[in-house]
Number of protein chains: 2
Amino acid sequence: MEQKRVIQVKQNILAKNDAAADEFRAQRKEEGTFFVDLMASPGAGKTTLLLALIEKLRQRGFEKLGVIEADLESDVDALKIKAAGVPSVELNTRGVCHVEMGMVNRAFDAFCGQRFDFLFLENIGNLVCPAEFDTGAHLRFMLLSVPEGYDKVYKYPPMFAAVSALVVSKADYLPLNPDFDMEALKSQARLINPDIEIFVVSARTGEGMDELADWFMAKRAELM
Amino acid sequence: MEQKRVIQVKQNILAKNDAAADEFRAQRKEEGTFFVDLMASPGAGKTTLLLALIEKLRQRGFEKLGVIEADLESDVDALKIKAAGVPSVELNTRGVCHVEMGMVNRAFDAFCGQRFDFLFLENIGNLVCPAEFDTGAHLRFMLLSVPEGYDKVYKYPPMFAAVSALVVSKADYLPLNPDFDMEALKSQARLINPDIEIFVVSARTGEGMDELADWFMAKRAELM
């Protein structure tokens, strides 16, 4: 009985969140702001990848770039982004394990009407909960870093199902991880999500970053 | 109003869970089973560390060792543990981001009355939600692997506050990560949790594993 009430409350929350996400997505599309949600484990290299990607997008002529930095607490990542000269808003969830639309709206309002070619959301470091909550993004992608190991698809299937692209990050660690079975990872990810795009990159060495930036340009053109 | 109802439901769930955890903890203590909960990000090396730790505990004369392997889905880790000749029960949370007592009780029942010198719970790969739910363990510890980066305390404070020990794993990666500020990590962790024990280990090379096994022996003697 109590279990049932909890599930009902959760469904209400998700339905409200979905409606708010659709509204946010439509508004951003209208004003030309392409909103991209990045999800990964703690320490997969989200901030470092965003900084490298932003550099590549600048080289391609996109000047209006912004980041919403979500964390349970702290402004460590937001400060890194700001240091790179990119407008950034810090979204502290105060212990909540995912980002929902009330938070996204408040964070976006803090940009005071700015418009972006690309606005990124660096979601909470978590391979579980963020997948469940629509953040109003036009595109969602995830990182899996090489040191985490390749055997993550069957352990965290909702995340792999929720994204348009899987970016295998920290590829410079591959020589140290002879057991990392890239082909198994790819085939398992495609079993869960047949349309998933897969990139192998290193933000540190730059490997794969041009292909990734080109893909984001193409998706922006397609979806906006 | 709705927000308030959700919080109320959550408090009821946590209170019930806490009571069930206390009961489980007392029962296991009575029968001499020391129950240890291991938490970390996906890919921090939980299963590999458990296998190395179990080997060290066997060398110290502990023969009755078991593992509850929690995952959203899949039996990848449970199979690795079983391959090492360790009794293991697979606990699939079906998408839930943490382990709660109903699950622990069902998993424990699947051992059909076995008693253990050390019974480990490999919790869901997640630095957020598991910290909130008491699992009935006598001792909780966490891994933070070197490739994840040292700047995690201020991002995930509830986890660092919830554990008796922080084990910095994959120490063999330290030479590749000159930016990993071990002293900052230690002082930040101790600011959140003054009593936290900190170990630096590599399950791959064996570095630090004897000290860690000795500490678990001592904690067992102290708490049981």
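This structure is a prediction, so every number in the text was calculated from the model and none was measured.

**Some details on the interface of chain A and chain B**
Counting residues at the interface gives 39 residues for chain A, matched by 39 residues for chain B. Taken together, the two surfaces of chain A and chain B that pack against each other cover about 3100 Å², and 59% of this comes from carbon and sulfur. Taken together, the links from chain A to chain B amount to four salt bridges. The interface formed by chain A and chain B includes eight residue pairs in polar contact (both at pLDDT 80 or more). Looking at the side of chain A that touches chain B, the elements that each hand over two or more residues are α1 (2–31), α3 (76–83), β4 (118–125) and α5 (157–162) of chain A. Counting residues per element, the side of chain A that touches chain B draws most heavily on α1 of chain A, which supplies seven residues. Residues that form the side of chain A that touches chain B fall into these classes: 18 nonpolar, eight polar and 13 charged.

**Brief notes about the side chain of His98 of chain B**
All names here are of chain B. On the secondary structure map, His98 appears in the loop between β3 (88–92) and α4 (101–109). You can call His98 buried: its relative accessible area is 9%. Engagement of the side chain of His98 in a polar contact is seen with the side chain of Glu100, the distance being 2.6 Å. Not counting chain neighbours up to four residues away, the residues in contact with His98 comprise Thr93, Met103, Ile124, Cys129, Pro130 and Phe133.

**Details of the pattern of salt bridges**
One pass over the full model with this rule turns up 33 salt bridges over all chains. The residue Glu31 of chain A makes a salt bridge to Arg115 of chain A at a minimum N-O spacing of 3.3 Å. Linking Glu31 of chain A in helix α1 with Arg115 of chain A in the loop between α4 (101–109) and β4, this pair joins segments that are 84 residues apart in sequence. By relative accessible area, Arg115 of chain A is classed as partly exposed at 37%. Glu73 of chain B is paired through a salt bridge with Arg94 of chain B; the nearest N and O atoms lie 2.9 Å apart. With Glu73 of chain B in the loop between β2 (65–71) and α3 (76–83) and Arg94 of chain B in the loop between β3 and α4, the pair connects residues that are 21 residues apart, well separated along the chain. You can call Glu73 of chain B partly exposed: its relative accessible area is 25%. Each member of the salt-bridge network shares a partner with another, and the members are Asp77 and Lys80 of chain A together with Asp151, Lys152 and Lys155 of chain B.

**Topic: the sheet that holds strand β6 (residues 165–169) of chain A**
All names here are of chain A. Pairing within the open sheet is parallel, and its seven strands lie in the order β3-β2-β4-β1-β5-β6-β7. Edge positions in the sheet fall to β3 (88–92) and β7 (197–200), since each has one partner strand and no second. Each strand axis lies, on average, 20° off the axis of its neighbour in the sheet, ignoring direction. Docked against the sheet, α3 engages β2 (65–71), β3 and β4, running at close to 165° with respect to β2.

**Details of the pairing of strand β6 (residues 165–169) of chain B**
Each regular strand shows side chains that alternate between the opposite faces of the sheet. Residues and elements named next belong to chain B. In terms of burial, β6 is largely enclosed, as five of its five residues are buried. Handedness of the crossover joining strand β5 (residues 139–145) and β6 through helix α5 (residues 157–162): right-handed. Sheet topology note: the β6/strand β7 (residues 197–200) ladder contains four bridges and is parallel. In the sheet register, Val168 faces β7, and the bridge partner there is Val200. Taken together, β6, helix α6 (residues 182–192) and β7 form a β-α-β motif whose crossover is right-handed.

About the cut-offs
Residues numbered from 1 in each chain as written. Chains lettered and ligands numbered in written order. Predicted model: local features only at pLDDT ≥ 70, side-chain atom pairs only at ≥ 80, totals over all residues. Heavy atoms only, no water. Contact = heavy atoms within 4.5 Å. Buried area = accessible area lost by both parts, 1.4 Å probe. Salt bridge = Lys/Arg side-chain N within 4 Å of Asp/Glu carboxyl O. Polar contact = N/O pair within 3.5 Å; in protein donor to acceptor, adjacent residues only side chain to side chain. Helix = DSSP H or I, 4+ residues; strand = E, 2+ residues; numbered from the N terminus. Nonpolar A, V, L, I, M, F, W, Y, C, P; charged D, E, K, R; others polar. Buried < 20%, exposed > 50% of the residue type's maximum accessible area, 1.4 Å probe, protein only. Pairing = 2+ DSSP bridges. Axes fitted to C-alpha atoms, helices over the stretch in contact; angles between N-to-C directions. Right-handed = clockwise from strand over helix to strand, strands pointing away.

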